[in-house]
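Chain residues, written in single-letter form:
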Amino acid sequence: MGKLDKLAEITGYHVVEHLYQLAHWVKGLKVVHINSTKEGGGVAEILKNIVPLMKELGIEAHWEIITGGDLFFQCTKAMHNALHGRHVVISERLIREYERTNEENAQKLGALLSDADIVFIHDPQPAALIAHFPDRKGKWIWRCHIDVSRPVRSVWRYLRNFVTEYDASIFHLATFAQHLPHPMFLIPPSIDPLGEKNVPLSELEVKAVLSELGVDVDRPYVLQVSRFDRLKDPIGVIEAYRMVKRYSPSLQLVLAGGGASDDPEGMAVLEEVKMAAEGDPDIKVLYLPPKADRTINALQRGAVVVLQKSIREGFGLTVTEAMWKFKPVIGGDTGGIRLQVVNHHTGFLVNSPEGAALRIRYFLNNPDKIDEMGKKAHKFVLENFLITRHLRDYLTVMISLLHGLKGRLELV
Ligand code: UDP
């Protein structure tokens, strides 16, 4: 049984049938995805899941990454922060390194990219590749995973020079879209319910994983899973936990995450978090290795409540993952978290550590609400944020770019 058939058991067969009908239009085409890391972070997570499914649908799908040195990733992390609205200065030297690295990667990936039918370029890191393919054959799409609703203008103006060259761009939400001279599509990300990170686990396995990590399985814990990044506000999570701990002494906090090879700030933030957690053995700061999918799965299932207290967030796949596991999420009132956490229904949106603390206390005092809102959260993900919907959107974009709006596409 192929993976699509297994997905059909979750989504209903008509959903997968429609994917086959759409795929008929792009079968055999060469589709290339480019980003800047194979592991760590949401983009890698999505590509890991979606590329094999494109292949199963008969598309010649490829996934390659661009490589670069420390200066390059310093530059792209600064760009990332600036696009999220944080004021940073990016020196000429870093910009030159950005352009040089893109040029180098263009040479390396030249054969694959120049005759691809569709190229998806994910985020700013590889955005400048397009400048080196003036005779490209296919349609190039810039796929933005960042909340660019309030970018630092100078940085966006710079990046925009490259982005305007693309045939289309894709954003998660309408509020992220920018003025661009080409078609723009709104496509939120998704999770794979059959991946190791999301498959059902027995209670026994969950407990075994937790014990191994040093979590006391007989006491409740709140959880945030994230790369160690200031925009995820791990310190704010610790503050919220400390406020609740006064009233619920048995509560534990787990902050779990690893690094991503394209994020040079991770280690410094991890140190900040460890310092903030010092003196309280009930705060577990776990630095996860790559490919810790089953561990993350168990942590999310075992938590009493899941937090994602980001200050800025493109989407927040960790929110989707927790909701799929019947957990209501207390999330920062920002970006893609707003699309998932329907305030008071699938979780709570918060703007401060105090707000988060209040909502944690509410859940601890009303466990029936965890059940009720958790069920709604699961259903919301089932209907909106599974990989089948994501695939369908990508197929539709590819068809519309390659075939224009000629005729009508009917799904039966
Ligand atoms: N993740 C992971 N290991 C880690 C930290 C995060 O596998 O140590 C995963 C997490 O489960 C989620 C993705 O990376 O699937 C993070 O995506 P999200 O959109 O939440 O944030 P991003 O890192 O892209 O800003």
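So, here's what we can say about the structure. (Residues numbered from 1 in each chain as written. Predicted model: local features only at pLDDT ≥ 70, side-chain atom pairs only at ≥ 80, totals over all residues. Heavy atoms only, no water.)

1. Quick look at the overall build of the chain
At step 1: Within the chain, the secondary structure is distributed over 15 helices and 12 strands.
At step 2: For the chain, the C-alpha radius of gyration of 21 Å lies close to 22 Å, the compact-globule estimate for 412 residues.
At step 3: By its C-alpha atoms, the chain is 65 × 55 × 35 Å across when sized along the principal axes.
At step 4: Residues counted as buried form 57% of the 412 residues belonging to the chain.
At step 5: Long-range pairs, those at least 24 residues apart, make up 73% of the contacts in the chain between residues at least 6 apart in sequence.
At step 6: Computed over 50 positive and 50 negative side-chain charges, the separation of the two mean positions in the chain equals 3 Å. (Helix = DSSP H or I, 4+ residues; strand = E, 2+ residues; numbered from the N terminus. Rg over C-alpha atoms; globule rule 2.2 N^0.38 Å. Buried < 20%, exposed > 50% of the residue type's maximum accessible area, 1.4 Å probe, protein only. Contact = heavy atoms within 4.5 Å. Lys, Arg positive; Asp, Glu negative; His and termini not counted. Charge placed at Lys NZ, Arg CZ, Asp CG, Glu CD.)

2. As for the sheet that holds strand β12 (residues 347–350)
In any sheet, the strands associate via hydrogen bonds between backbone groups, in a parallel or an antiparallel arrangement.
At step 1: With parallel pairing, the 6 strands of this open sheet are ordered in space as β9-β8-β7-β10-β11-β12. Either end of the sheet is taken by a strand with one partner, and the two such strands are β9 (283–287) and β12. Within the sheet, the average angular offset between the axes of one strand and its neighbour, ignoring direction, is 20 degrees.
At step 2: Sheet topology places strand β7 (residues 221–225) next to strand β10 (residues 305–308); 2 bridges connect them, and they run parallel. Counted as the bridge partner of V222 is V305 from β10. (Pairing = 2+ DSSP bridges. Axes fitted to C-alpha atoms, helices over the stretch in contact; angles between N-to-C directions.)

3. Some remarks on the site of the ligand
At step 1: Close to the ligand lie 15 residues, the nearest being G42, R227, K232, G258 and E321.
At step 2: Within the backbone of G42, a nitrogen or oxygen atom sits 2.7 Å from an oxygen atom of the ligand.
At step 3: Against a free-state accessible area of 540 Å², the protein chains account for coverage of 88% of the ligand.
At step 4: Residue contributions to the shell around the ligand peak at 3 residues, all from helix α11 (residues 317–324). (Near = heavy atom within 4 Å. Polar contact = N/O pair within 3.5 Å; in protein donor to acceptor, adjacent residues only side chain to side chain. Areas by Shrake-Rupley, 256 points an atom, 1.4 Å probe, with all protein chains shown as cover.)

4. Some points on helix α4 (residues 70–83)
At step 1: Between its first and last C-alpha, α4 extends 20 Å over 14 residues, near the 20 Å set by a 1.5 Å rise per residue.
At step 2: Taken across its 14 residues, α4 has 11 buried, putting it largely inside the fold.
At step 3: All buried positions along α4 are accounted for by F72, F73, C75, T76, K77, A78, M79, H80, N81, A82 and L83.
At step 4: Where α4 is buried, its residues meet α5 (92–114) and α6 (153–163).
At step 5: Residue G85 follows α4 closely and has a positive phi angle near 100 degrees. (Expected span 1.5 Å × (residues − 1).)

5. A short note on the pairing of β10
At step 1: By the alternation rule, side chains of β10 split into V305 and L307 and V306 and Q308, which are all buried.
At step 2: In this structure, β10 lies alongside strand β11 (residues 329–332), joined through 3 bridges in parallel fashion. For L307, the partnering residue across the bridge sits in β11 and is I330.
At step 3: Handedness of the crossover is the feature at issue here: the chain leaves β10, passes through α11, returns alongside β11, and the resulting connection is right-handed. (Right-handed = clockwise from strand over helix to strand, strands pointing away.)

6. Remarks on the sheet that holds strand β5 (residues 168–171)
At step 1: Ordered in space as β2-β1-β3-β4-β5-β6, the 6 strands form an open sheet in which the pairing is parallel. The two strands at the open ends of the sheet, each matched to only one other strand, are β2 (60–65) and β6 (184–186). With direction set aside, neighbouring strand axes in the sheet form an average angle of 20 degrees.

7. Structural notes on the packing of aromatic side chains
At step 1: Under the counting rule described, the total for this entry stands at 15 aromatic pairs.
At step 2: Pairing F72 with Y98 gives two aromatic rings, centres 6.0 Å apart and planes at 5 degrees, and the pair type is stacked. On the criterion of sequence distance, the pair formed by F72 in helix α4 and Y98 in helix α5 is long-range, its members being 26 residues apart. Here the two residues F72 and Y98 agree in accessibility, since each one is buried.
At step 3: Between the aromatic rings of F133 and W140, the centroid separation amounts to 5.3 Å while the plane-to-plane angle is 40 degrees, which identifies the pairing as tilted. Accessibility assignment for this pair places F133 and W140 in one class, buried.
At step 4: An aromatic cluster is built from F72, F73, Y98, Y158 and F162, whose rings are joined through pairwise contacts.
At step 5: Just above the ring of W140 sits the side chain of R136; from NZ or CZ to the centre is 6.0 Å. (Phe/Tyr/Trp six-rings, centres within 6.5 Å; stacked < 30°, edge-to-face > 60°. Lys NZ or Arg CZ within 6 Å of the ring centre and 35° of its normal.)

8. Description of the packing of helix α1 (residues 3–11) against helix α2 (residues 13–23)
At step 1: α2 packs onto α1 with a crossing angle of 135 degrees between their chain directions and a minimal axis gap of 6 Å. One finds that α1 runs oblique with respect to α2. Residues L4, D5, A8, E9 and T11 of α1 pack against Y13, H14, V15, V16, L19 and Y20 of α2.
At step 2: Counted by class, the contact of α1 with α2 contains 7 nonpolar, 2 polar and 2 charged residues. (Parallel < 35°, antiparallel > 145°, perpendicular 65-115°, else oblique. Nonpolar A, V, L, I, M, F, W, Y, C, P; charged D, E, K, R; others polar.)

9. Observations concerning the pairing of strand β1 (residues 30–35)
At step 1: Counting buried positions over the 6 residues of β1 gives 6, a clear majority of the element.
At step 2: Residues K30, V32 and I34 point to one face of β1 and V31, H33 and N35 to the other, with burial holding for every one of them.
At step 3: Pairing of β1 with β2, which is carried by 6 bridges, proceeds in the parallel orientation. Among the inter-strand pairings, K30 is bridged to a residue of β2, identified as E60.
At step 4: Running through helix α3 (residues 42–56), the crossover from β1 to the neighbouring parallel element β2 is right-handed.
At step 5: Where β1 meets strand β3 (residues 118–122), 4 bridges bridge the pair, whose relative direction is parallel. Note on β3: the bridge partner recorded for H33 is F120.

Function-wise, these values are silent; they only describe arrangement.
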